[in-house]
Amino acid sequence: MILRIDNLVKHYGPVQAVDGLSLEIGQGEVLGLVGESGSGKSTVGKCVLRLTEPTAGSIELAGKDITHLSRRAMRPLRRDVHMVFQDPFSSLNPRFTIERIVAEPLLRHKVTDRREVANRVAAMLEKVGLRQEMRKRFPHELSGGQRQRVGLARALILEPKLVVADEPVSALDVSVQASVLNLITDLQRDMGFSCLFITHDLSVVEFLADRIAVMYLGRIVESGPTAEIFAQPRHPYTQALLSAAPVADPARQRERRRIVLGGDVPSPMDPPSGCRFHTRCPLAFDECRTSEPLLNDPRGSGHPAACHLVTADRVPDAAK
Ligand code: SF4
Ligand code: MG
């Protein structure tokens, strides 16, 4: 197991950003963590990178408990986990050349031989599909897609075990999103890193993620193998997200009725009682307002959902 998160809680004052979340990512596995803005998914990524201190729970990286490691003790582990950010422009130092930016993790980890650094930067640029003459350019001279390729090169140059990618394509033009996603898929297969891929858009992870975990107001409401989540989503919230996602196959689009959710995402300062989704769920009934459904996996199939209506012989259908 590369990453094991157990019962993670992160509160910012009264804001319950993450409220009891557990997940695991195996060697070479890609987990898509999906949720609307405000669901707490970015906070999970920040806790994994120890950019913020968890309130409770535990995080293990490659078998080591990193939950309360000091900055100093965390430093050698920063080789193993890297982040790719949403906005490649603001995460790249505008005064540095591309070469310097991509080399930075090597220098930080005391790889100082100039020839080795130059060779590794050149090899990495090639891997992410950037021409060598880009080395002397500055971030503002690059397109959004090229800048995200630089962000990937920087994240991968130390060959980390785990990459946390937080909405890595959502700031890009739709026309370049697919090429960057394909690149991430190729790099992942080639280099074998594990990946926590955070996105608000389920369709982005359909071909990339091995498994998907869906978050709502600080908790996971459903998780399972990607193909199963798409073929038979169990939680009404996942069903609603999927009904809104575009599909390439028109036959499948016709099968799907759009489920329109009422209201906005409630504030994480005051999450609803019982099932947190009850204020927007088309299937909510009395019990949902008072009793909280736990993640349960009645068939033991590795596809749990947190809804009172999911039982061994029944999956709810929010489109009915
Ligand atoms: Fe909807 Fe109730 Fe299931 Fe929550 S427990 S998802 S409110 S049916
Ligand atoms: Mg976010």
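Residues numbered from 1 in each chain as written. Chains lettered and ligands numbered in written order. Predicted model: local features only at pLDDT ≥ 70, side-chain atom pairs only at ≥ 80, totals over all residues.

- Looking at an unreviewed UniProt entry, one finds the protein chain named Dipeptide ABC transporter ATP-binding protein and attributed to Nonomuraea monospora.
- UniProt lists a comment for the protein chain under the heading Sequence similarities (unreviewed entry), and it reads "Belongs to the ABC transporter superfamily." (UniProt positions renumbered as here; feature names shortened; annotations may be inferred.)

## A word on the UniProt feature "domain: ABC transporter" (unreviewed entry) in the protein chain
Stage number 1. UniProt annotation of "domain: ABC transporter" (unreviewed entry) refers to residues 3-242 when read in the numbering used here.
Stage number 2. For the annotated span residues 3-242, helix accounts for 35% and strand for 26% of the residues, and the straight-line distance between the end C-alpha atoms is 27 Å. (Helix = DSSP H or I, 4+ residues; strand = E, 2+ residues; numbered from the N terminus.)

## So, the site of ligand 1
Stage number 1. In the neighbourhood of ligand 1, the contacting residues comprise Pro-236, Cys-275, Phe-277, His-278, Cys-281, Leu-283, Ala-284, Cys-288, Pro-293, Cys-307, His-308 and Leu-309.
Stage number 2. Counted by class, the shell around ligand 1 contains ten nonpolar, two polar and no charged residues. (Near = placed C-beta within 6 Å. Nonpolar A, V, L, I, M, F, W, Y, C, P; charged D, E, K, R; others polar.)

## Examining the sheet that holds strand β5 (residues 64-65)
Stage number 1. Strand order in this open sheet of four strands is β2-β1-β4-β5, and the pairing throughout is antiparallel. Two strands close off the open sheet at either side, each with one partner strand: β2 (15-25) and β5.
Stage number 2. Across eight bridges, the pairing between strand β1 (residues 3-12) and β2 is antiparallel. Across the sheet, Tyr-12 pairs through a bridge with Val-15, a residue of β2.
Stage number 3. Running over the sheet, helix α1 (residues 41-48) touches β1, β2 and β4 (56-61) and is turned about 115 degrees from β1. (Pairing = 2+ DSSP bridges. Contact = placed C-beta atoms within 7 Å. Axes fitted to C-alpha atoms, helices over the stretch in contact; angles between N-to-C directions.)

## Brief notes about the nonpolar core
Stage number 1. Counting residues in each nonpolar core, the largest one holds 78 residues, and the members touching the most others are Leu-33, Val-102, Ala-153, Leu-162, Leu-196, Phe-197 and Val-214.
Stage number 2. Aside from chain neighbours lying at most four places away, what touches Phe-197 is Val-30, Leu-31, Gly-32, Leu-33, Ala-165, Val-205, Leu-208 and Ala-209. (Core = buried A, V, L, I, M, F, W, Y, C linked by C-beta atoms within 7 Å. Buried ≥ 20, exposed ≤ 12 C-beta atoms within 10 Å, placed from the backbone.)

## What to know about helix α4 (residues 114-127)
Stage number 1. Along its 14 residues, α4 runs 20 Å from first to last C-alpha, staying within 8% of the 20 Å computed at 1.5 Å per residue.
Stage number 2. Turning to α4, its buried residues number three or more, namely Val-121, Met-124 and Leu-125. Summarising the axial view, the buried residues of α4 lie within an arc of 100 degrees, below the 170-degree limit, and thus occupy one face. Residues of α4 that are exposed and angled more than 90 degrees away from the buried face: Arg-115, Glu-116, Asn-119, Ala-123 and Glu-126.
Stage number 3. The secondary structure elements touched by the buried residues of α4 are α3 (98-108) and α5 (144-156). (Expected span 1.5 Å × (residues − 1). Arc of directions from axis to C-beta.)

## Section: the sheet that holds strand β7 (residues 162-166)
Picture the strands of a sheet paired through backbone hydrogen bonds; they go either parallel or antiparallel.
Stage number 1. Judged by pairing direction, the sheet is mixed, and its six strands sit side by side in the order β6-β7-β8-β3-β9-β10 without closing on themselves. The open sheet has two edge strands, β6 (81-84) and β10 (219-225), and neither has a second partner. When strand polarity is set aside, the average angle formed by the axes of neighbouring strands in this sheet is 15 degrees.
Stage number 2. Lying on the sheet, α1 is in contact with β3 (30-34), β6, β7, β8 (194-199) and β9 (211-216); it crosses β8 at an angle near 150 degrees.
Stage number 3. Running at roughly 105 degrees to β9, helix α9 (residues 236-244) makes contact with β9 and β10 of the sheet.

## Looking at α3
Stage number 1. Taken together, the buried positions of α3 are Ile-98, Ile-101, Val-102 and Ala-103.
Stage number 2. Lys-110 lies just past α3 and shows a positive phi near 65 degrees.

## Quick word on the environment of Phe-193
Stage number 1. Take Phe-193: it is sitting in the loop between α6 (174-191) and β8.
Stage number 2. Filtering out sequence-adjacent residues up to four positions away, Phe-193 remains in contact with Pro-160, Lys-161, Leu-162, Val-163 and Gln-188.

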